[in-house]
2 protein chains.
Amino acid sequence: MSDSTAVKPAGQTILASTIAKQYIAEVENGVKELGRSPTLVGFLANEDPAARMYADWTGKTSESLGFKYELRVVDKEELEEAIIDANNDDSVDGIMVYFPVFGNRQDQYLQQVVSLEKDVEGLNHKYIQNMYHNTRFLDAEEKQKSILPCTPLAIVKILEYLGAYNTILPYGNRLYGKQVVVVNRSEIVGRPLAALLANDGATVYSVDLDGIQRFTRGEGIKLTRHKVEDVDMTLEEVTKNADVIVTGVPSPSYKFPKELVKEGAICVNFSSEKNFNPDIKERAALYVPMTGKVTIAMLLRNLLRLVQNKAGRIAATN
Amino acid sequence: MSDSTAVKPAGQTILASTIAKQYIAEVENGVKELGRSPTLVGFLANEDPAARMYADWTGKTSESLGFKYELRVVDKEELEEAIIDANNDDSVDGIMVYFPVFGNRQDQYLQQVVSLEKDVEGLNHKYIQNMYHNTRFLDAEEKQKSILPCTPLAIVKILEYLGAYNTILPYGNRLYGKQVVVVNRSEIVGRPLAALLANDGATVYSVDLDGIQRFTRGEGIKLTRHKVEDVDMTLEEVTKNADVIVTGVPSPSYKFPKELVKEGAICVNFSSEKNFNPDIKERAALYVPMTGKVTIAMLLRNLLRLVQNKAGRIAATN
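Residues numbered from 1 in each chain as written. Chains lettered and ligands numbered in written order. Predicted model: local features only at pLDDT ≥ 70, side-chain atom pairs only at ≥ 80, totals over all residues. Heavy atoms only, no water.

A. Examining the packing of aromatic side chains more closely. The final tally for this structure, using the stated rule, is eight aromatic pairs over all chains. Pairing B:F256 with B:F276 gives two aromatic rings, centres 5.8 Å apart and planes at 50°, and the pair type is tilted. Of this pair, B:F256 sits in the loop between strand 9 (244-247) and strand 10 (266-269) while B:F276 is found in the loop between strand 10 and strand 11 (286-288), placing the two residues 20 residues apart along the sequence. Across this residue pair, the class does not change: B:F256 and B:F276 are buried. Geometrically, the ring pair formed by B:F276 and B:Y287 is edge-to-face, given 5.8 Å between the ring centres and 80° between the ring planes. On the criterion of sequence distance, the pair formed by B:F276 in the loop between strand 10 and strand 11 and B:Y287 in strand 11 is long-range, its members being 11 residues apart. Take B:Y287: its relative accessible area is 5%, and that puts it in the buried class. Taken together, the aromatic side chains of A:F256, A:F276 and A:Y287 make up a single cluster linked through ring pairs. (Phe/Tyr/Trp six-rings, centres within 6.5 Å; stacked < 30°, edge-to-face > 60°. Helix = DSSP H or I, 4+ residues; strand = E, 2+ residues; numbered from the N terminus. Buried < 20%, exposed > 50% of the residue type's maximum accessible area, 1.4 Å probe, protein only.)

In structure tokens, the structure reads:
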């Protein structure tokens, strides 16, 4: 009935800060119930202004929720020893490192130096391996919770908020029938995310420069983990039926092609660069341009879990 | 007095097979003393003919020294589960994976799936971290030996054989005064090697595409690990006084420039490509064109250590 012939954006932008609210409240209550202020230590060993901003932002959020936060700025060559000191310091509850430090595989080495018990980012090999295998606890007695890597977890929570998970379906199968494209297959976000979504029932196409892989939960009730296959399909083929598109390409020039997006799809970008142009809303029903605030909420939620694990260990030895 | 005006090679080629002999004998005796044949399982999940050759070669050497060897050829998507099965199988003593599998960081994830107790390559994060910190045992009681990554260890043994280590000097300081250039700073060979040599007293220049770093033991008797600094020097400047040059550039076109090599230097190449032209002997006093046979000897030596650790753990719980 409109006399305008211009195509108007139909979709809606949902901000991470809106989605984060319920988790922020949950964490704040958790700290109150705890009756003490756990300490998070962040390590900054680069000159990257984006990392410094993220550090300041984590600091502010942590303190506003009742945590203690300490930013330790160290030389990159001193970082390993500094992490080990924090590992050994009983007054430190959680540790995070603002990467990149060296910008190469040495960063993965450093990440593993952070002790399992204090790794709020959930990037310790043991946490990642447990995630791939749907193993929820660290111990056979199921007292110590295994945490999840915070960025993939944040994206799962965002997709829950956006209604991609159908709550009528049984838990663990709530993405059944959904098709998801994830453009990024890094070891710290893209690959774990594809696995998490596949474990919830989705068919996930994981896209990177090497090609496209399909992650599914596979068949058979005994399957303990998702199944991965290389597929000989184009981006267009995997995208045209995609209900959800998640991007994480760290390049200012990369833009996901709007014309490939199905009408009414959900688009989420976790890169610090804008991987979608704003006109994506001409196609997408729901668009989340950044995810950082939910990631920080998950990080602090992980910290609470680690503090609970610690209390459990102390109780067990007394 | 020669009437020839052509420059003749002055240096000598030393083959890895010659250097490996004493270690092969040591391992063979170790297996005899053990009174049983430990089992090594190798996983091949790629089509790379070089990897297949290396697998066959490890198999032959293992069996000739009294070990049992089993090559398991699996699909790359099945590899993780296959490794976990071998981790849980009491009849398997050691595990190795022929990389590359995916050729990206997922390979580092897979390497960490191999259990600490069976990782003959010494690439588990704990072994690498112990190496950087000169920590020789896994436990406070100093019963369980921490093993070393086998390629860097092989190069140390090669340099010992070639006389780069001065045995008159006290143990732990036998490279004192030596200058070493390592062209490769990978997390599995170049960087650990630079650290090992610096921990033995050398000044090591670690060269890669990102620039040059200097590894030294640093000053002060309390220093528990080497010190690393970025240096603003050229390859020519760091090479002209180098007593030892170690290369590991995985490219058929890369050749270390002969004219930079000091007369009488030691040149060792651990790449599967030939990083030196044969005329390097016009400058180098000693030249080792390949190191694989010493690496395999170290791998089997590590396997023996792991079996001894296992015996120690069983004895401790009985």
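B. Expanded view of the environment of B:R301. All names here are of chain B. With respect to the helices and strands, the residue R301 is situated in helix 9 (residues 292-317). Looking at R301, the relative accessible area reads 14%, which means it is buried. It is 5.8 Å that separates the C-alpha atoms of R301 and V27, two residues lying 274 residues apart in sequence. Residues contacting R301, with those up to four places away along its chain left out, are Y23, E26, V27, L153 and K157. (Contact = heavy atoms within 4.5 Å.)

C. Fine view of the domain arrangement of chain A. The domains assigned to chain A are domain 1 (34-117) and domain 2 (152-293). Using only C-alpha atoms to locate each centre, domain 1 of chain A and domain 2 of chain A end up separated by 29 Å. (Domains from an automatic or database assignment.)

D. View of the interface of chain B and chain A. Facing 26 residues of chain B, the contacting portion of chain A comprises 26 residues. Carbon and sulfur atoms supply 41% of the area that chain B and chain A bury against each other, a total of about 2400 Å² over both sides. Ranking the residues of chain B by area buried against chain A places B:R105, B:Y109 and B:H125 at the top, with a combined share of 24%. Linking chain B with chain A are two salt bridges. With a shortest N-O distance of 2.8 Å, A:K76 and B:D230 are connected by a salt bridge. The interface formed by chain B and chain A holds eight residue pairs in polar contact (both at pLDDT 80 or more) in total. Among the elements of the structure, helix 3 (79-87), helix 4 (106-113), helix 5 (125-132) and strand 8 (227-231) of chain B are those that each provide at least two residues to the side of chain B that touches chain A. The biggest single contributor to the side of chain B that touches chain A is helix 4 of chain B, with five residues. (Buried area = accessible area lost by both parts, 1.4 Å probe. Salt bridge = Lys/Arg side-chain N within 4 Å of Asp/Glu carboxyl O. Polar contact = N/O pair within 3.5 Å; in protein donor to acceptor, adjacent residues only side chain to side chain.)

E. Representation of the environment of B:K21 in the model. Counting through the fold element by element, B:K21 comes out in helix 1 (residues 16-34). The spatial distance from the C-alpha of B:K21 to the C-alpha of B:N88 is 33 Å, given a sequence separation of 67 residues.

F. Looking closely at the confidence of the model for chain A. When pLDDT is averaged along chain A, the result is 92, and 95% of the positions lie at 70 or above. Here the prediction assigns the complex a pTM of 0.83, and the interface score ipTM is 0.75. (pLDDT = per-residue confidence, 0-100.)

G. Seen up close, unusual backbone geometry. Residue and element names in this part refer to chain A. The peptide bond linking F99 to P100 adopts the cis configuration, its omega dihedral lying at 0°. Along the chain, P100 falls in the loop between strand 4 (94-98) and helix 4 (106-113). The phi dihedral of N134 falls on the positive side, at around 60°, and the residue is not glycine. With respect to the helices and strands, N134 occurs in the loop between helix 5 (125-132) and helix 6 (150-161).

H. Structural detail: the sheet that holds strand 2 (residues 39-44) of chain A. Residues and elements named next belong to chain A. Across the sheet, three strands lie side by side as 3-2-4; this open sheet has parallel pairing. The sheet is open, and its two borders are formed by strand 3 (68-73) and strand 4, each paired with just one other strand. The average undirected angle you get between the axes of adjacent strands in this sheet is 20°. Here strand 2 pairs with strand 3 via six bridges, running parallel. Within the sheet, the bridge partner assigned to F43 lies in strand 3 and is R72. The strands touched by helix 3 (residues 79-87) are strand 2, strand 3 and strand 4; relative to strand 4, the strand with the most contacts, the crossing angle is about 165°. (Pairing = 2+ DSSP bridges. Axes fitted to C-alpha atoms, helices over the stretch in contact; angles between N-to-C directions.)

I. Quick peek at the sheet that holds strand 5 (residues 179-183) of chain B. All names here are of chain B. A sheet is described by the order of its strands in space; here eight strands give the open sequence 1-11-10-9-5-6-7-8, paired in mixed fashion. The outermost strands of the open sheet, each flanked by one partner alone, are strand 1 (12-13) and strand 8. Alignment of strand 6 (residues 203-208) against strand 7 (residues 211-216), held across five bridges, turns out to be antiparallel. Considered in strand 7, the bridge of V207 is made with I212. Those strands touched by helix 6 (residues 150-161) are strand 9, strand 10 and strand 11, and its axis lies near 155° from that of strand 10. Sheet strands in contact with helix 7 (residues 190-199) are strand 5, strand 6, strand 7 and strand 9, and its direction is about 35° off that of strand 7.

J. Seen up close, the packing of helix 1 (residues 16-34) of chain A against helix 6 of chain A. Residue and element names in this part refer to chain A. Where helix 1 contacts helix 6, the axes come no closer than 10 Å and their chain directions differ by 105°. With respect to each other, helix 1 and helix 6 are oriented roughly perpendicular. Only K157, I158, E160 and Y161 of helix 6 make contact with helix 1, whose side of the interface consists of T18, I19, Q22 and Y23. (Parallel < 35°, antiparallel > 145°, perpendicular 65-115°, else oblique.)

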